[in-house]
Amino acid sequence: MTKPIYDKYYKKKKYFGEPYPGLVEFFKDYEPKGYVLDLGCGQGRDSLLLGRLGYKVKGVDISQVGLDQMNQIVLDEGLDVTSEVEDVYSFPILAEYDLVLLDSMLHFYQGDIKKETDFIKRVASELKIGGVLCNFMVKGPNREKHIKDTLVGMGIDWEVLRDQYTDYPAFNTSYHMYILKKKSN
Ligand SMILES: C[S@@+](CC[C@H](N)C(=O)[O-])C[C@H]1O[C@@H](n2cnc3c(N)ncnc32)[C@H](O)[C@@H]1O
């Protein structure tokens, strides 16, 4: 399994800051509020938001430190959020999940491109029909083209729900949000 290198960063609470405004807006408006699988949920900045918005959430990460912090807040607030320490690269996308969230999990750097491409293809192919794939990734025209070419190239019929940028004030940058609903295989 990948090493939990983020444990050291998670000594700082809310290491990644608050959820992006664009992510908040999308999940606030989206209906129905179903079951979200947050792959690589970290300290739970998104999982906690989603739980508070009324979604049922499963967060998966290799960092027990991050999950412990998230679980304490889940307990305090009584949210419908569970977690598992697992490797997302082999975590199955069961039909019970209505939405799958990947936030800052894909970068498509040269050394990772094959692994990450195979990963997103597996997630996309296991996602049920009617399921929604939500990817948030640091802005970059080449990586955005790559994910679009990859997902569209699979021959799946996707409805594009969002293809736009959102600010990320905590890190003074901009993120690309690409949210697709699977219409058919
Ligand atoms: C950049 S952080 C993003 C965290 C969270 N999605 C967010 O945006 O706040 C990446 C997270 O993915 C986790 N991660 C990386 N590789 C993983 C793997 N193979 N399996 C499970 N979690 C992994 C790390 O532990 C870390 O918490």
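Here, the structure is the one placed above.
Residues numbered from 1 in each chain as written. Predicted model: local features only at pLDDT ≥ 70, side-chain atom pairs only at ≥ 80, totals over all residues. Heavy atoms only, no water.

**Some details on the site of the ligand**
The following threshold applies: Working definition: residue near molecule or strand if any one of its non-hydrogen atoms lies within 4 Å of it. Counted as a polar contact is a pair of N or O atoms within 3.5 Å, where, for protein atoms, one must be capable of donating a hydrogen and the other of accepting one, and residues adjacent in sequence contribute only when both atoms are in side chains. Working definition of accessibility: Shrake-Rupley area with a 1.4 Å probe, residue cover restricted to the visible protein chains. Cavities and pockets were defined on a 1 Å grid built over protein atoms only: a cavity is a set of grid points that admits a 1.4 Å probe from which the probe cannot escape, a pocket is an open set flanked by protein on both sides within 12 Å along at least five of seven lines, and lining residues are those with an atom within 4 Å of any such point. For a cavity or pocket, the test is whether more than half of a molecule's atoms lie within 2 Å of its grid points; if they do, the molecule sits there. For this classification, Asp, Glu, Lys and Arg are treated as charged, while Ala, Val, Leu, Ile, Met, Phe, Trp, Tyr, Cys and Pro are nonpolar and the rest, including Gly, are polar.
Near the ligand lie 18 residues; those nearest to it are Y10, G40, R45, D61 and D87. Within the contact set of the ligand, an oxygen atom lies 2.6 Å away from a side-chain nitrogen or oxygen of D61. At 2.9 Å, a backbone N or O of V88 approaches a nitrogen atom of the ligand. In the complex, 94% of the free accessible area of the ligand, which totals 590 Å², lies under the protein chains. With respect to the detected pockets, the ligand is housed in the largest pocket. Classifying every residue of the shell around the ligand by side-chain character gives eight nonpolar, five polar and five charged.

**What about helix α3 (residues 64-77)?**
Selection criterion: Labels follow the DSSP assignment, with helices taken as runs of H or I lasting at least four residues and strands as runs of E lasting at least two, numbered in each case from the N terminus. In this analysis, the expected span of each helix is defined as 1.5 Å times one less than the number of residues it contains. Only protein chains enter the accessibility calculation, which uses a 1.4 Å probe; a residue is then buried when its area is under 20% of its type maximum, exposed when over 50%, and partly exposed in between. Arc, as used here, means the arc of the directions from the helix axis to the C-beta atoms.
Helix length check: α3, at 14 residues, gives a terminal C-alpha distance of 20 Å against a target of 20 Å (1.5 Å per residue), a fit within 8%. Turning to α3, its buried residues are G66, L67, Q69, M70 and V74. Along the axis of α3, the buried positions cluster into a sector of 160°, meaning they face one direction only. Of the exposed residues in α3, those oriented more than 90 degrees away from the buried face are L75 and D76. Positive backbone phi, at 65°, marks G78, one or two positions downstream of α3.

**What to know about the nonpolar core**
Cut-off, in case you're wondering: To qualify as a nonpolar core, a set must consist of buried Ala, Val, Leu, Ile, Met, Phe, Trp, Tyr and Cys residues joined through side-chain atoms within 4.5 Å. Pairs of residues are marked as contacts when any of their non-hydrogen atoms sit within 4.5 Å.
Core analysis: the biggest nonpolar cluster contains 26 residues, and F27, L99, C134 and F136 have the highest contact counts within it. In this structure L99 touches F26, F27, Y30, G34, Y35, V36, L37, Y55, V132 and C134, once residues within four positions along its chain are discounted. Among the nonpolar cores identified, the runner-up in size contains 25 residues, and V100, F119, I156 and Y178 belong to it.

**What about the pairing of strand β3 (residues 81-85)?**
Put simply, the rule reads: Two strands qualify as a pair provided that DSSP identifies no fewer than 2 bridges between them. Orient the strands so they point away from the viewer, and a crossover whose first-strand-to-second-strand path over the helix runs clockwise is right-handed.
As defined by bridge partners, strand β2 (residues 56-61) adjoins β3 across five bridges and the pair is classed as parallel. Within the sheet, the bridge partner assigned to D61 lies in β3 and is V85. Considered for its hand, the β-α-β crossover made up of β2, α3 and β3 is right-handed.

**Topic: the pattern of salt bridges**
In plain terms, the rule: The term salt bridge refers to a side-chain nitrogen of Lys or Arg lying within 4 Å of a carboxyl oxygen of Asp or Glu.
Scanning the model with the defined rule gives twelve salt bridges in all. Linking K128 and D98 is a salt bridge whose minimum nitrogen-to-oxygen distance equals 2.7 Å. Here K128 is found in the loop between α4 (113-126) and β5 (132-138), whereas its partner D98 is found in the loop between β3 and β4 (99-103), with 30 residues between them in sequence. Judged by relative accessible area, K128 falls into the partly exposed class, the value being 25%. Between E126 and R122 there is a salt bridge whose closest N-O contact spans 3.0 Å. Residue E126 and its partner R122 are located together in helix α4, separated by four residues, close to a single helical turn. For R122, a relative accessible area of 19% corresponds to the buried category.

By themselves, these observations are geometric and do not establish any function.
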